[in-house]
Amino acid sequence: MKNRLFRGLAGLLAALIICVCPSSAGAESSDNAVETFYFARLGASADQAKSYRIIETARGRIIRIELFYSCYIVLPAADDDMDALYALIDALKLAEWNGFDETDPDALDGESFSLSVAFSDGGAITASGSNRFPEGYADAAARIEAFFQKLMESYEIDVEQIIL
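Just so you know, the residues in each chain are numbered from 1, in the order the chain's sequence is written. Where local features are concerned, this predicted model is filtered to residues with pLDDT of at least 70; where side-chain atom pairs are given and counted, the filter is 80 or more; whole-chain, interface and lining totals use all residues. Where side-chain values are given, they derive from all heavy atoms of the structure, hydrogens and water being excluded.

1. As for the packing of aromatic side chains
Threshold: When the centres of two rings from Phe, Tyr and Trp lie within 6.5 Å, Trp using its six-membered ring, the rings pair. Their planes under 30 degrees apart give stacked, over 60 give edge-to-face, and anything left gives tilted. To qualify as a helix, a DSSP run of H or I must reach at least 4 residues; to qualify as a strand, a run of E must reach at least 2; elements of each kind are numbered from the N terminus. Buried residues are those whose accessible area, probed at 1.4 Å on protein chains only, stays under 20% of the maximum for their type, while exposed residues exceed 50% and partly exposed ones sit between those limits.
Scanning the model with the defined rule gives ten aromatic pairs in all. With a centroid separation of 6.2 Å and an interplanar angle of 35 degrees, the aromatic rings of Phe 100 and Phe 113 are classed as tilted. Here the residue Phe 100 occupies a position in the loop between α3 (79–91) and β5 (101–103), and Phe 113 occupies one in strand β6 (residues 111–119), the gap between them amounting to 13 residues. Assessed through its relative accessible area of 16%, Phe 100 is described here as buried. Classification of Phe 113 as buried rests on a relative accessible area of 4%. Ring centres of Phe 147 and Phe 148 lie 5.0 Å apart, and the angle between their planes is 85 degrees; this geometry places the pair in the edge-to-face category.

The following block contains the structure:
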């Protein structure tokens, strides 16, 4: 009798939890999300070298920032950060860059970039260039860097203090 009463109460409690608590599983599976991200800018000088990578590890998502070929910063990637990154990718219309792969064969030095994004729905963006860039590149690159700079600032990371 106790066992049946216990199961009945447990079932009632489970039903109550399902009704009261919003389900995040359904919302998450229907929304497209950024799974991995990589953006790098390289140039003739060390101060032009910057890369930003978000990867999934066994213990969660991390952000790995490399600056000046020698400064590495690793941060956790919160769901809010990933949502904000997805919104930025959408606002910058980076999907329009997909497939861009151009090089200026006459340039001896300058800047190159690489972009790779994978989405939860299986979609992807890949683009790269060396002294040739997709439309809106300068603004987009600056806004991507500002996004990651803001993340570092939220963790009170001052790059100037690290590299001095």
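Let's pick the thread back up.
2. Looking at the pairing of strand β3 (residues 60–67)
Look at any regular strand and the pattern is simple: side chains alternate between the two faces of the sheet. To be explicit about the condition: Two strands pair under a simple rule: DSSP has to find at least two bridges between them.
One ladder, built from eight bridges, connects strand β2 (residues 50–57) with β3; its direction is antiparallel. Among the inter-strand pairings, Ile 55 is bridged to a residue of β3, identified as Ile 62. Between β2 and the antiparallel strand that follows it, β3, lie two residues. With six bridges connecting them, β3 and strand β4 (residues 71–76) associate as antiparallel partners. By the bridge assignment for β4, Ile 62 is matched with Pro 76. Hairpin remark: β3 followed by β4, antiparallel, with three residues in the connecting loop; positive phi at Phe 68, about 60 degrees.

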